[in-house]
Amino acid sequence: MLAYILRRLGQSVLVMAVVSLISFSLFNFVGDPVNNMVGQEATREDRVRIYQDLGLDDPIITQYFRFVGNAVRGEFGLSYRSKRPVDELIKERLPATLELVFVSAVIALVLGIVAGIYTGIRRNGWLSKFILSSSLVGVSLPTFIIGIGLIYIFAVNLRWLPSSGRAGVVDIGWWRTSFLSLDGWRSIILPAITLSLFQLTMILRLVRSEMLEVMQTDYIKFARARGLSERAINFTHALKNTLVPVITIIGLNIGGLIAFSVITETVFQWPGTGLMFIQAVDFADVPIMAAYLVFVALVFVVVNLIVDLLYVFIDPRIRITGR
């Protein structure tokens, strides 16, 4: 058990080390940051002074370890565009992204698991076939096409929901939430649905395939022979044995929602970290780009570490292997 946890922690540290190296490369090999900070009228002395202030004249090894040390403390320098600390910019934008990801994850998990169980149990029903056919939309159409389509239907034609922006924001200390107002919920519905469709389809089809496989096993046949009710068979025995692969997808789902929120936030002009990253790319704002890359990698590592630890409690075979 302890060896299993330590092994997973070591792998997580290794992944973050690789990501930090990639982020450091962005700082040093993607353009000249001084050109984005000074105008054409800047003298050579001004450029040399800025290089020294940024520490760009130090050896590469010194710069790398300084970058890693600052990243561990959550510091990524100043934004080339706004001249503000990057950690403050992320702190301002993070609530919007986390709330969008939370609502999208709830939609994907609840609807995906429920629909997957139903289509697995009633696989020959007309409603199951309709759900499976409709779910192809989530994997066949690009996210920006789905978002534009939802905007055209519900914002332009029906005028039920806003087309962009984050309305009804309420300040609770340093956290800015849109969950405490009706306008906030109306503004988050369309981007949350858009972001959740692909993940919903993945979860639905995985749960369905796992349910179909489990329902053909011997212990399910034995449970029916014992006279257990269909509810007990489906939700106590069958569903429990589909949890391991489903939890894996859930872990990837949460990390993927944050990573793929870039497109959704751009389409709906949602003021989160994804939109901030796109704006940083347009301006070649390398500190923000590197910080966003490290942040997304950290989310993936933490979520997958939690998923790996959950395996220990769900699957007894892992506990035995860990020992």
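Residues numbered from 1 in each chain as written. Predicted model: local features only at pLDDT ≥ 70, side-chain atom pairs only at ≥ 80, totals over all residues. Heavy atoms only, no water.

(A) Region of the structure containing helix H8 (residues 182-214). Its axis deflected by about 40° at Leu197, H8 carries its strongest bend there. The N-cap residue of H8 is Ser181: its side-chain oxygen and the backbone nitrogen of Gly184 are 3.1 Å apart. (Bend = angle between axes of the 7 residues up to and from the residue. Helix = DSSP H or I, 4+ residues; strand = E, 2+ residues; numbered from the N terminus. Polar contact = N/O pair within 3.5 Å; in protein donor to acceptor, adjacent residues only side chain to side chain.)

(B) Examining the side chain of Glu210 more closely. When you line up the elements, Glu210 lands in helix H8. Excluding anything up to four places from it in sequence, Glu210 contacts Thr242 and Pro245. (Contact = heavy atoms within 4.5 Å.)

(C) Examining the nonpolar core more closely. Among the nonpolar cores identified, the biggest contains 20 residues, and Leu100, Ile258 and Phe295 are the most heavily contacted of them. Listed by contribution, the elements that provide at least two residues to this core are helix H5 (86-121), H8, helix H11 (243-268) and helix H13 (286-314). Discounting chain neighbours no more than four positions away, the residues touching Ile258 are Val101, Tyr292, Phe295, Val296 and Val299. Residues Leu204, Val207, Ala238 and Ile249 belong to the second largest nonpolar core, which totals 18 residues. (Core = buried A, V, L, I, M, F, W, Y, C linked by side-chain atoms within 4.5 Å. Buried < 20%, exposed > 50% of the residue type's maximum accessible area, 1.4 Å probe, protein only.)

(D) The packing of helix H7 (residues 143-157) against H8, seen in detail. Packing of H7 against H8 brings their axes to within 9 Å, and their N-to-C directions diverge by 145°. Both H7 and H8 take part in a crossing whose hand is right-handed. Counting all contacts with H7, which are made through Thr143, Ile146, Gly147, Leu150, Ile151 and Phe154, the residues of H8 involved are Leu190, Ile193, Thr194 and Leu197. For the contact of H7 with H8, the class distribution of residues is 7 nonpolar, 3 polar and no charged. (Axes fitted to C-alpha atoms, helices over the stretch in contact; angles between N-to-C directions. Left-handed = near helix turned anticlockwise from the far one by under 90°. Nonpolar A, V, L, I, M, F, W, Y, C, P; charged D, E, K, R; others polar.)

(E) Spatial organisation of the environment of Ile249. Mapped onto the fold, Ile249 is located in helix H11. For the pair Ile249 and Val207, spaced 42 residues apart in sequence, the C-alpha to C-alpha distance is 10.0 Å. With near-sequence residues (within four places) excluded, Ile249 lies in contact with Met202, Ile203 and Leu206.

(F) Structural view of the packing of H5 against helix H12 (residues 273-283). Look at H5 against H12: their axes get within 7 Å of each other, and the N-to-C directions meet at 130°. Considering their axes alone, H5 and H12 lie oblique with respect to each other. On H12, the residues that touch Leu89, Ile90, Arg93, Leu94 and Thr97 of H5 are Thr273, Gly274, Leu275, Met276 and Gln279. Residue composition of the contact of H5 with H12, grouped by class: 5 nonpolar, 4 polar and 1 charged. (Parallel < 35°, antiparallel > 145°, perpendicular 65-115°, else oblique.)

(G) Here's a closer look at the confidence of the model for the chain. Averaged over the chain, the pLDDT score is 81; the fraction of residues at 70 or greater is 89%. Mean pLDDT in the chain bottoms out at helix H14 (residues 316-322), which sits at 54, and peaks at H7, which reaches 90. (pLDDT = per-residue confidence, 0-100.)

(H) Quick peek at the packing of aromatic side chains. Applying the stated criterion across every chain, the model contains 4 aromatic pairs. Between Phe154 and Trp160, the ring centres sit 6.1 Å apart and the planes meet at 45°, which makes this aromatic pair tilted. On the accessibility criterion, Phe154 (25% relative accessible area) is partly exposed. On the basis of relative accessible area, Trp160 is assigned to the exposed category, the value being 54%. Note on Phe179 and Trp185: the rings are 4.8 Å apart at their centroids and 15° apart in plane angle, and the pair reads as stacked. For Trp185, a relative accessible area of 37% translates into the label partly exposed. (Phe/Tyr/Trp six-rings, centres within 6.5 Å; stacked < 30°, edge-to-face > 60°.)

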